[in-house]
Amino acid sequence: MKISILGGGISAISLANFLQKEKKIKEIIIFEKEKEAGGLLRSYKINKIFYDVGPHIIFSRNKEILKIILKVLGKNKNKIRRSNKILYKKKIYIKYPFENELYKLPKKDLKFALDKFLKNKYSKIKVKTMKDFFLKNFGEGIFKLYLGPYNEKIWKMNTSKLDTQMVERIPRPPDEDIIKSARGIKTEGYKHQLYFHYPTKGGIQSLLTAFKKKLNKKVRIINSIKLKKINKSKKSFLINTDKGDFETNKIFSTIPLNEFYKIYDENKKIKKISKKLQYNSIIIAMVNVKGNMGGDNFALMVPEKRIIFHRISKLDFLGKNYSIKNSTTFQIEITYKNPSIISKMSDAEIYKKIISGLKELKFIKKTADINFKSLKKFKYAYVIYNLNHRKNVDDLINFYKKKEIDFLGRWGSWEYLNSDQVIEQSYEMSKKFLNEKK
């Protein structure tokens, strides 16, 4: 049996790892359009510091999957206690999640948050949207002060236009916890995320590299290859590329689901549904500034509308290999749609906005406080769960499943999955496939 995996991110590499042990599989080919595999699990180096496509961390509720990941990483890992904060009104550091440190709010905002939570007029509404969910579970105060502005800044959409898939796992905080938080009594929040692991050196791409090293001779990765067309016969597929044709018995795809119709089937209905899938692109900037800024924290959420970035991460928090003496290295995220005002900005204009934001947050006084900087753009970053997401994605996945093509990964399955969830998905899909072939 010959297996083909389209795309070369962590979903593809981990799937190949899990499949390669099957004796009946003769060959596994991974097709990657870039010069090297990686996808979103990619790191870049500047002045000896590695930074990622967003602040990746390694943790999982699935203990089996976490054990697999940590075993693959070997000695190249640190265990770190998480410290994420919300920069409220640009200067107040509030522990994440927001409801954990309400006492730090200005008195007027604290009263608004507490009163609207305890006497919640939305407590019995039928939840259909992200906005409904937040109002029902946290009240109008917490929603208007933080949850609404921050989420709309990330998604570039009103929360009434998003469904609940991103937030439905968030538990409603008990009344006593909110009261304690308002009084200054510590509450912990999401305890399963209290600690995380991260590579000691090399950035998050070290995890993908470690998985790659585990691949045996059955697996071949072809980089810089362009897929042109896939044709299906009764027993096999023919994949036409700019590097020749490849015959295969099974296809797993991790490439963006919304683009798959271009190489497989010009079915008008499928094309129409594919075009309805929404996503956000992202700008990742790495900025090293003078002095020790941001406190002993990793990610800082910035709901302030005037500031262009929604999150800024302090890489120094990850260990000595991500830090330069007498300075702070920040990783900055800016989401955008295409087309939009941000998508049309030049790099110089984006830097100007970033510098303005850093000044407002008091991380720099003047532009000369920046030692060095870097900026990259990525087309596919965030899956958007609009109100038709579930139906549209299920329609596409079910259509292709009948053609014996399976999809996985954040963009293949069009789900907002973290790297551990992607690896878990690969693991479960490999088990299911191998069981079906027995």
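This section reports on the structure supplied with the text. (Residues numbered from 1 in each chain as written. Predicted model: local features only at pLDDT ≥ 70, side-chain atom pairs only at ≥ 80, totals over all residues. Heavy atoms only, no water.)

A word on the packing of aromatic side chains
Then, number 1: What the rule picks out here adds up to 30 aromatic pairs.
Then, number 2: When the centroid spacing of 5.4 Å and the interplanar angle of 15° are considered together, the rings of Tyr 146 and Tyr 150 count as stacked. Here Tyr 150 and Tyr 146 lie together in helix H4 (residues 130–155), a separation of 4 residues that amounts to about one turn.
Then, number 3: Judged by its relative accessible area of 4%, Tyr 146 is buried.
Then, number 4: Consider the rings of Tyr 380 and Trp 411, whose centres lie 5.0 Å apart with planes at 50°: the pair is tilted. (Phe/Tyr/Trp six-rings, centres within 6.5 Å; stacked < 30°, edge-to-face > 60°. Helix = DSSP H or I, 4+ residues; strand = E, 2+ residues; numbered from the N terminus. Buried < 20%, exposed > 50% of the residue type's maximum accessible area, 1.4 Å probe, protein only.)

Side note on the packing of helix H2 (residues 63–73) against helix H12 (residues 419–436)
Then, number 1: Across the interface, H2 lies against H12 with an axial gap of 10 Å and an inter-helix angle of 100°. It follows that H2 is roughly perpendicular to H12 by the angle criterion. Contact residues: H2 offers Glu 64, Ile 65, Ile 68 and Ile 69, while H12 offers Asp 420, Ile 423, Glu 424 and Tyr 427. (Axes fitted to C-alpha atoms, helices over the stretch in contact; angles between N-to-C directions. Parallel < 35°, antiparallel > 145°, perpendicular 65-115°, else oblique. Contact = heavy atoms within 4.5 Å.)

Things to note about helix H9 (residues 347–360)
One turn of the α-helix equals 3.6 residues, which is why residues spaced by three or four share an orientation.
Then, number 1: Given a rise of 1.5 Å per residue, 14 residues ought to cover 20 Å, and the 20 Å separating the end C-alpha atoms of H9 matches this to within 8%.
Then, number 2: Where H9 is buried, its residues contact strand E14 (279–290), strand E16 (311–314), strand E17 (327–336) and strand E18 (370–383).
Then, number 3: The first or second residue beyond H9 is Lys 362, which carries a positive phi of 65°. (Expected span 1.5 Å × (residues − 1).)

Brief notes about the nonpolar core
Then, number 1: By size, the foremost hydrophobic cluster in this structure holds 123 residues, and its most contacted members are Leu 6, Phe 98, Phe 260 and Tyr 400.
Then, number 2: Take this core: its biggest share by element is 13 residues, from H4.
Then, number 3: Grouped together as the second largest cluster of nonpolar side chains are 27 residues, Ile 307, Ile 342, Leu 358 and Leu 361 included. (Core = buried A, V, L, I, M, F, W, Y, C linked by side-chain atoms within 4.5 Å.)

Looking at the sheet that holds strand E10 (residues 227–232)
Then, number 1: The antiparallel open sheet is built from 3 strands, whose spatial order is E10-E11-E12. Taken across any chain shown, the strands that pair with only one partner, and hence form the sheet edges, are E10 and strand E12 (244–248). For this sheet, the mean angle separating the axes of adjacent strands, direction not counted, is 20°.
Then, number 2: By the bridge criterion, 5 bridges tie E10 to strand E11 (residues 237–241) in an arrangement that is antiparallel. Looking at E11, one finds that Lys 232 is bridged to Phe 237. (Pairing = 2+ DSSP bridges.)

Re empty space enclosed by the protein
Which parts of space are left empty comes out when a probe the size of a water molecule is rolled across the atoms.
Then, number 1: One pass over the structure, following the stated rule, counts 1 cavity of 30 Å³ or more.
Then, number 2: Within this model, the largest cavity holds a volume of roughly 40 Å³.
Then, number 3: Around the largest cavity, the lining residues are Phe 50, Tyr 51, Asp 52, Gly 54, Pro 55, His 56, Tyr 198, Phe 298, Leu 315, Leu 318 and Gln 331.
Then, number 4: The element best represented in the lining of the largest cavity is strand E4 (residues 49–52), accounting for 3 residues.
Then, number 5: Partitioning the lining of the largest cavity into residue classes produces 7 nonpolar, 3 polar and 1 charged. (1 Å grid on protein atoms, 1.4 Å probe; cavity = no way out; pocket = protein on both sides within 12 Å on 5 of 7 lines; lining within 4 Å. Points joined across faces, edges and corners; volume = space filled by probe spheres on them. Nonpolar A, V, L, I, M, F, W, Y, C, P; charged D, E, K, R; others polar.)

Some points on H2
Then, number 1: If you check which residues of H2 are buried, you get Ile 65, Leu 66, Ile 69, Leu 70, Val 72 and Leu 73. Buried residues of H2, seen end-on, are gathered within an arc of 160° and therefore sit on one face of the element. When the buried face of H2 is taken as reference, the exposed residues oriented beyond 90 degrees from it are Lys 63, Lys 67 and Lys 71.
Then, number 2: Those residues of H2 that are buried are in contact with strand E8 (195–198), helix H6 (205–213) and H12.
Then, number 3: The opening residue of H2 is Asn 62, an N-cap whose side-chain oxygen sits 3.0 Å from the backbone nitrogen of Glu 64.
Then, number 4: Where H2 terminates, the next one or two residues include Gly 74, which has phi positive at roughly 65°. (Arc of directions from axis to C-beta. Polar contact = N/O pair within 3.5 Å; in protein donor to acceptor, adjacent residues only side chain to side chain.)

A few points about the sheet that holds strand E13 (residues 250–253)
Then, number 1: Taken together, the 5 strands give an open sheet; going across it, the order is E9-E2-E1-E13-E19, and neighbouring strands pair in parallel fashion. Bordering the open sheet on either side are strand E9 (219–222) and strand E19 (405–407), each of which pairs with just one other strand. Neighbour to neighbour, the strand axes of the sheet diverge by 20° on average, direction disregarded.
Then, number 2: Pairing of strand E2 (residues 27–31) with E9, which is carried by 4 bridges, proceeds in the parallel orientation. Looking across to E9, one finds that Ile 29 is bridged to Arg 220.
Then, number 3: Sheet strands in contact with H12 are strand E1 (2–6), E13 and E19, and its direction is about 165° off that of E13.

Notes on a positive patch on the surface
Then, number 1: On the surface, a cluster of positive charge is contributed by Lys 21, Lys 67, Lys 71 and Lys 214.
Then, number 2: On the secondary structure map, Lys 67 appears in helix H2.
Then, number 3: Lys 67 sits in the exposed class, given a relative accessible area of 63%. (Patch = residues over 30% accessible without salt bridge, like charges linked within 9 Å, V, L, I, M, F, W, Y side chains within 5 Å. Areas by Shrake-Rupley, 256 points an atom, 1.4 Å probe, with all protein chains shown as cover. Salt bridge = Lys/Arg side-chain N within 4 Å of Asp/Glu carboxyl O. Lys, Arg positive; Asp, Glu negative; His and termini not counted. Charge placed at Lys NZ, Arg CZ, Asp CG, Glu CD.)

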